[in-house]
Amino acid sequence: MYLLYFLKNMIRAGLKRKGISLVFAYLALLLISSLLIKLVEPFDSALTHFDQALWWSIVTSTTVGYGDLFPVSNQGKVVAVLLPMFMGIGLGAAFITHVASLLIERKDKKMHGEKKYTGKRHILLVGSTDETEQLVEEIKKDETYTDQDIVLAADIPRHPFPDLDNVFFVKGPPDTRHTLNKANIKEAAQIIIHTGNDEGSLFALINALKLKNRACEITVRCISTQSLDTFSSVQGDFQIIMQMTAEMMVQAMQDKVHIPLQILLKNDAAEEIYYMVVPKTIPDFTWWSLHDYFKEKYNHLTFAMQTVDKKVIVNPSKEEMVSKGDGIWLIAQKRPINIAWPP
């Protein structure tokens, strides 16, 4: 009676507290049933040997029941029914249920961003917008970041990409220190801030600069040109990018290509991007001939062309032929007009 009471309390404690209690309860059950069956069985029974009794307890409690060993006495059969059969099955079911509930709870916490991220050298995305999915895809396509985790810190209900490997979600206001610490910002290798509004990105930037490690690089996305001066006034080492596609953002983070582009996009910049159409056919006029001609005569830098069939070619080959009607993109200090084309 006391034995049953003890085992029942062990099971209850295991369900309420930790699965380890169930393990100890199961081990205690095996030990007690092995000792009892050893005591009650007749001397000529194989179960009077402890190793055989323990084996019998294990296969009986797990419902395997090979039949190679079994009790022959009535007392032994009572022990078998009460301990390894009845209690063993109950403990096994309780343990499996406990493990299943832990796995479900763990997955639920991951889905709802409740777990703290504990990894290192990860890419931290601060904020979520309509472009976040494409941004994640572009990062994963870049071979530079193949082995790095991506952690999304955003105030959204659940993980937006639960099926993507190495992509983690931390829920919370992205511009707060609590959320950034929860995303383990101190161990991040790269931080991209794109909250969808400049005010939120600014607060996130200020907190990120205070929390990040020295080697971590920050790229913050500025939506409005009117906010550029405010972002630029923040003390710290970070990069500001204006509106870009997700692919360009990843390239900007890796190769800093946004710096010359942003200079060109500013209204007060000395250089601008212009488009012009070739007005006539020039015999044997190649892209390199055009490139040299414009650079030497006008100090214009040509970098892309559009053929008459609307095919856009960036950085064409030197031998690419240029014909009447082709479009040319170039960088110049003022709009190219009154161009004197070669004869």
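Residues numbered from 1 in each chain as written. Predicted model: local features only at pLDDT ≥ 70, side-chain atom pairs only at ≥ 80, totals over all residues. Heavy atoms only, no water.

Explanation requested: the overall build of the protein in the structure shown.
The helix and strand tally for the protein stands at 11 helices and 10 strands. Scored against the burial criterion, the 343 residues of the protein give a buried share of 43%. For the protein, long-range pairs separated by at least 24 residues make up 63% of all intrachain contacts whose partners lie at least 6 apart in sequence. Roughly 19900 Å² of accessible area belongs to the protein as shown, and the carbon and sulfur atoms make up 57% of that amount. (Helix = DSSP H or I, 4+ residues; strand = E, 2+ residues; numbered from the N terminus. Buried < 20%, exposed > 50% of the residue type's maximum accessible area, 1.4 Å probe, protein only. Contact = heavy atoms within 4.5 Å. Areas by Shrake-Rupley, 256 points an atom, 1.4 Å probe, with all protein chains shown as cover.)

Looking at this model, I keep getting lost on helix 7 (residues 198–211). Mind explaining?
Structural remark: α-helix, 3.6 residues per turn; residues separated by three or four positions point the same way. Relative to the 20 Å expected for 14 residues at 1.5 Å per residue, helix 7 spans 20 Å between its end C-alpha atoms, a close match to the ideal helical length. Taken as a whole, helix 7 has its buried residues at Asp 198, Gly 200, Ser 201, Leu 202, Ala 204, Leu 205, Asn 207, Ala 208, Leu 209 and Leu 211. Elements in contact with the buried residues of helix 7: strand 1 (123–126), helix 6 (177–182), strand 4 (190–193), strand 5 (217–221) and helix 8 (228–232). (Expected span 1.5 Å × (residues − 1).)

So what exactly am I meant to see when it comes to the sheet that holds strand 7 (residues 272–277) here?
Two modes of strand pairing occur in sheets, parallel and antiparallel, and in both the strands are linked by backbone hydrogen bonds. Spatially, the four strands line up as an open sheet ordered 7-10-8-9, and their pairing is antiparallel. With partners counted over all chains shown, the strands left at the sheet margins are strand 7 and strand 9 (312–314), one partner each. Averaged over all adjacent pairs, the angle separating strand axes in this sheet is 25°, with direction ignored. As paired strands, strand 7 and strand 10 (residues 327–332) are joined by six bridges and run antiparallel to one another. Each bridged residue has a counterpart across the sheet, and for Tyr 275 the counterpart in strand 10 is Trp 329. (Pairing = 2+ DSSP bridges. Axes fitted to C-alpha atoms, helices over the stretch in contact; angles between N-to-C directions.)

I would appreciate a short explanation of unusual backbone geometry in the present structure.
Excluding glycine, most residues fall at negative phi; most peptide bonds, likewise, are trans. Here the phi dihedral of Asn 315 falls at roughly 55°; this positive angle occurs in a residue that is not glycine. Locating Asn 315 in the fold gives a position in the loop between strand 9 and strand 10. For Asn 338, which is not a glycine, the phi torsion comes out positive at approximately 55°.

Would you take a moment to explain a nonpolar patch on the surface for this structure?
Nonpolar side chains collect at one region of the surface, where Val 23, Phe 24 and Leu 27 lie side by side and expose about 270 Å² of accessible area between them. Take Val 23: it is sitting in helix 2 (residues 19–40). (Patch = residues over 30% accessible without salt bridge, like charges linked within 9 Å, V, L, I, M, F, W, Y side chains within 5 Å. Salt bridge = Lys/Arg side-chain N within 4 Å of Asp/Glu carboxyl O.)

Could you clarify how one ought to interpret the packing of aromatic side chains in this entry?
When we look at a pair of aromatic rings, we describe it by the centre distance and by the angle of the planes. Inspection of the entire model under this criterion finds six aromatic pairs. Ring plane angle 55° and centroid distance 5.2 Å describe the contact between Tyr 117 and Phe 168, whose orientation is recorded as tilted. Taken together, the residues Tyr 117 in the loop between helix 4 (74–111) and strand 1 and Phe 168 in strand 3 (residues 167–171) connect sequence positions 51 residues apart. For Phe 168, a relative accessible area of 27% corresponds to the partly exposed category. Judged by centre distance (6.4 Å) and plane angle (70°), the rings of Tyr 293 and Tyr 298 are edge-to-face. Here the aromatic cluster, defined as three or more aromatic residues joined through ring pairs, consists of Tyr 293, Phe 294, Tyr 298 and Trp 341. Seen from the ring of Trp 288, Lys 318 lies directly overhead, with NZ or CZ sitting 5.2 Å from the centre. (Phe/Tyr/Trp six-rings, centres within 6.5 Å; stacked < 30°, edge-to-face > 60°. Lys NZ or Arg CZ within 6 Å of the ring centre and 35° of its normal.)

Looking at this structure, I do not really get the sheet that holds strand 4. What am I missing?
In spatial order, the strands read 3-2-1-4-5-6; together these six strands make up an open sheet with parallel pairing. Looking at strand neighbours, the two that pair on one side only are strand 3 and strand 6 (239–241), the edges of this open sheet. Along the sheet, successive strands turn relative to each other by an average axial angle of 20°, direction set aside. The sheet contact formed by strand 2 (residues 150–154) and strand 3 spans five bridges and is parallel. Its bridge partner lying in strand 3, Ala 154 is registered against Lys 171. Packed on one face of the sheet, helix 7 meets strand 1, strand 4 and strand 5 and runs near 170° to strand 5.

I would appreciate a short explanation of the pattern of salt bridges in the present structure.
Should their charged atoms come close, side chains of opposite charge can pair. All chains considered together, the criterion is met by two salt bridges. Here Glu 131 ties to Arg 221 by a salt bridge, and the two come within 2.4 Å at their closest N and O atoms. On the criterion of sequence distance, the pair formed by Glu 131 in the loop between strand 1 and helix 5 (132–141) and Arg 221 in strand 5 is long-range, its members being 90 residues apart. On the accessibility criterion, Glu 131 (29% relative accessible area) is partly exposed. Note on Arg 221: relative accessible area 7%, which makes it buried. Ionic pairing is found between Lys 141 and Glu 138, a salt bridge with its closest N-O pair at 3.3 Å.

When you look at the nonpolar core in this model, what are you seeing that I'm missing?
General note: in soluble globular proteins, nonpolar side chains tend to be found buried as a group. Ranked by size, the top nonpolar core spans 28 residues in total, and within it Leu 124, Ile 191, Ile 193, Leu 205, Ile 218 and Phe 238 carry the most contacts. Of all elements in the fold, only strand 1, strand 2, strand 4, helix 7, strand 5 and helix 8 reach the threshold of two or more residues within this core. The element best represented in this core is helix 7, accounting for six residues. Those residues in contact with Ile 191 that lie beyond four places of it in its chain are Leu 124, Val 126, Ile 185, Ala 208, Lys 212, Cys 216, Glu 217, Ile 218 and Thr 219. With 17 residues, the next largest nonpolar core counts Tyr 274, Phe 285, Leu 290 and Met 305 among its residues. (Core = buried A, V, L, I, M, F, W, Y, C linked by side-chain atoms within 4.5 Å.)

Any chance you could explain helix 5 here in plain terms?
All of the buried residues along helix 5 are Thr 132, Leu 135, Val 136, Glu 138 and Ile 139. In a view along the axis of helix 5, the buried residues occupy a sector of 165°, so they form one face of it. (Arc of directions from axis to C-beta.)

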